[in-house]
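Residue-level structure breakdown
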Amino acid sequence: MQDTDKDALFEMLRSRLHHVIPVAEIRHKAEIAAEINRLKKERHAVILGHNYMEPALYLSVPDFKGDSLELSRQAAKTDKDLIVFCGVRFMAETAKILNPEKTVLIPSPKAGCSLAESITAEDVRRLKALHPGVPVVTYINTYADVKAESDICCTSGNAVRVVQSLANDRVIFLPDRYLAGNVARETGKRIVFPVKTAAGLQPAEPGLEYAMIGWDGKCEVHDQFTVEDVEDIRKQFPDVVILAHPECRPEVTAAADFSGSTSAMIKYIQQKTAPQFLLLTECSMADNIAAENPDKEMLRLCSVRCPHMNEITLEQTLLSLQRIQYVVHVEESIRRRALRAVQRMLEIG
Ligand code: 13P
Ligand code: SF4
């Protein structure tokens, strides 16, 4: 590894992160990042990095950064033999679904997702039997066997467009009850979604129908934001612009100024002028936006972190490239069926 590579990375990271990370730590991270970038070239690999990655990783090693939809598109068109996915397992699996002949690595086997864990393929089969002919829209935050049972996938970036693209007025939407509520509000369609039990959920939110199958799908991170948080922040910072991910409760997205995918929120902040911005989403993203846009003041609610995304570190990414670990496998018959749902989504644009 050339010292100049390390030095250039160190200077770039120091200029952007010295407000949040001590310089000695930045030097250590720059050394790891430089070695990752050297190995990446040697192994003809591409690194895809989700917007939630911790700032030193986010700024230094991904060839492409983005939300789930953008990274799926990059995975679909890469010509590299090796894909290292700095994100969670359902994202790496989607890259494998699109690239059966390539090796896809995820740097930590522990990077799951509470939404993806909330539903099984058998749950979807039971739902379809209960509602024959109703199309199944599956959020990308699910595993391949669940996608394989679905008609079409969606991400937070295109959920409304995907549901609008279907002729039916009634749609099964899996597995996020809050995203389902947000999509019902924006599309005016009736959305059937699975819950473990309707106790405490009655009456159903407008536009939603419960099906007693599966578990209460919700993101353990976005579930924590409340309307009281929004009101408290507005009292303290009257001109703050608040952005909420569509995995937040519908009443929270309604109280925010903007709701969109992680990349949509980044673009919105880049284009807007406001005294402060607050993101109701994984906290690292505020650090990443602040690092790339020093003119923007980001408020933080940093007690809310995604433990799964936080499993992916520079150290784990280096080990991943050194040891070719952890290889993502998707059984071929499942992969082929899941691919139909993913491709149908990508064709929507
Ligand atoms: P995006 O597709 O908006 O990046 O969201 C992914 C995710 O897991 C949000 O919690
Ligand atoms: Fe899953 Fe929520 Fe983490 Fe996103 S933030 S990966 S939805 S647990």
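Please refer to the structure placed before this passage.
Here is a short report on the structure shown in this document. All values derive from a computational prediction rather than experimental measurement.

Attention now goes to the overall build of the protein. Helix and strand counts for the protein stand at 15 helices and 13 strands. Against the compact-globule benchmark of 20 Å for 349 residues, the protein has a radius of gyration of 20 Å, which places it among compact chains. Considering only C-alpha atoms, the protein reaches an extent of 60 × 55 × 30 Å along its principal axes. The burial tally for the protein puts 58% of its 349 residues in the buried class. Taking all contacts inside the protein whose residues are at least 6 apart in sequence as the whole, residues at least 24 apart take part in 62%.

A few words now on the site of ligand 2. Near ligand 2 you find Tyr 52, Val 88, Cys 113, Ser 114, Leu 115, Asn 141, Cys 219, Val 221, Glu 247, Cys 306, His 308 and Met 309, and these make up its full shell. Residues belonging to the shell around ligand 2 are distributed by class as follows: eight nonpolar, three polar and one charged.

Take the sheet that holds strand E2 (residues 64-66) next. Strand order in the open sheet made by the four strands is E2-E1-E3-E4, with parallel pairing throughout. One side of each edge strand has no neighbouring strand; the edge strands of this open sheet are E2 and strand E4 (103-105). With direction set aside, neighbouring strand axes in the sheet form an average angle of 20°. Sheet topology places strand E3 (residues 82-86) next to E4; three bridges connect them, and they run parallel. Within E4, the residue paired with Val 84 across the bridge is Leu 105.

Right, let's talk about helix H6 (residues 121-130) for a bit. Side chains of residues three or four places apart in an α-helix project in the same direction, reflecting 3.6 residues per turn. Looking only at H6, the buried set comprises Ala 121, Asp 123, Val 124 and Leu 127. Taken down its axis, H6 places every buried residue within 155° of arc, on the same side. Summarising the geometry of H6, the exposed residues directed more than 90 degrees from the buried face are Ala 129 and Leu 130.

Right, let's talk about the nonpolar core for a bit. Core analysis: the largest hydrophobic core is formed by 110 residues, its most contacted members being Val 137, Phe 173, Leu 279 and Leu 280. Element by element, the count of residues in this core is highest for helix H2 (residues 23-42), at seven residues. Residues within four places of Val 137 in sequence aside, it is in contact with Ile 152, Cys 154, Val 162, Val 163, Leu 166, Val 171, Ile 172, Phe 173 and Leu 174. Ranked by size, the runner-up nonpolar core spans nine residues in total, among them Val 124, Leu 127, Val 136 and Val 146.

Relative to the assigned elements, Glu 101 resides in the loop between helix H5 (89-98) and E4. Spatially, the C-alpha atom of Glu 101 lies 37 Å from that of Ile 26, the residues being 75 residues apart in sequence.

Our next topic: the pairing of strand E5 (residues 136-139). Burial of the side chains of E5 extends over both faces: Val 136 and Thr 138 are buried on one face and Val 137 and Tyr 139 on the other. In the sheet, E5 pairs with strand E7 (residues 170-174) via three bridges, with the strands oriented parallel. Bridge assignment links Thr 138 to a residue of E7, and that residue is Leu 174. In this structure, E5 lies alongside strand E6 (residues 152-154), joined through three bridges in parallel fashion. Bridge pairing links Thr 138 to Cys 153 in E6.

Attention shifts here to the site of ligand 1. Around ligand 1, the structure places His 50, Tyr 52, Asp 67, Ser 68, Asn 141, Ser 156, His 222, His 245, Glu 247, Ser 261 and Thr 262. Separating an oxygen atom of ligand 1 from a side-chain N or O atom of Ser 68 is a distance of 2.7 Å. Between His 245 and ligand 1, the recorded distance is 2.8 Å, taken from a side-chain N or O atom to an oxygen atom. For ligand 1, whose unbound accessible area comes to 300 Å², protein coverage reaches 96%.

Mapped onto the elements, Asp 287 comes out in helix H13 (residues 284-292). Its relative accessible area of 15% is what places Asp 287 among the buried residues. Once residues lying within four places of it in the same chain are set aside, the contact partners of Asp 287 are Val 20, Pro 55 and Arg 300.

Right, let's talk about the pattern of salt bridges for a bit. Counted under the stated rule, the structure contains 21 salt bridges. Between Glu 35 and Arg 38 there is a salt bridge whose closest N-O contact spans 2.9 Å. One end of the pair is Glu 35 and the other is Arg 38, both in helix H2 and three residues apart, which spans about a single turn. Given the relative accessible area of 16%, Glu 35 is considered buried.

Moving on, we get to unusual backbone geometry. A cis amide bond links Leu 174 with the next residue in sequence, Pro 175, at an omega value of -20°. You can see Pro 175 is positioned in the loop between E7 and helix H9 (177-187). A cis geometry characterises the amide bond from Gln 325 onward to Tyr 326, with omega recorded as -10°. Positive phi, normally seen in glycine, also occurs at His 44, with a value near 50°. Tracing the sequence through the fold places His 44 in the loop between H2 and strand E1 (45-50). Taking the relative accessible area as the measure of exposure, His 44 reaches 48% and is therefore partly exposed. The residue Ile 324 is not glycine, and still its phi comes out positive at about 50°. Of note, Ile 324 is situated in the loop between helix H14 (314-323) and helix H15 (332-348).

The rules we used
Residues numbered from 1 in each chain as written. Chains lettered and ligands numbered in written order. Predicted model: local features only at pLDDT ≥ 70, side-chain atom pairs only at ≥ 80, totals over all residues. Heavy atoms only, no water. Helix = DSSP H or I, 4+ residues; strand = E, 2+ residues; numbered from the N terminus. Rg over C-alpha atoms; globule rule 2.2 N^0.38 Å. Buried < 20%, exposed > 50% of the residue type's maximum accessible area, 1.4 Å probe, protein only. Contact = heavy atoms within 4.5 Å. Near = heavy atom within 4 Å. Nonpolar A, V, L, I, M, F, W, Y, C, P; charged D, E, K, R; others polar. Pairing = 2+ DSSP bridges. Axes fitted to C-alpha atoms, helices over the stretch in contact; angles between N-to-C directions. Arc of directions from axis to C-beta. Core = buried A, V, L, I, M, F, W, Y, C linked by side-chain atoms within 4.5 Å. Polar contact = N/O pair within 3.5 Å; in protein donor to acceptor, adjacent residues only side chain to side chain. Areas by Shrake-Rupley, 256 points an atom, 1.4 Å probe, with all protein chains shown as cover. Salt bridge = Lys/Arg side-chain N within 4 Å of Asp/Glu carboxyl O.

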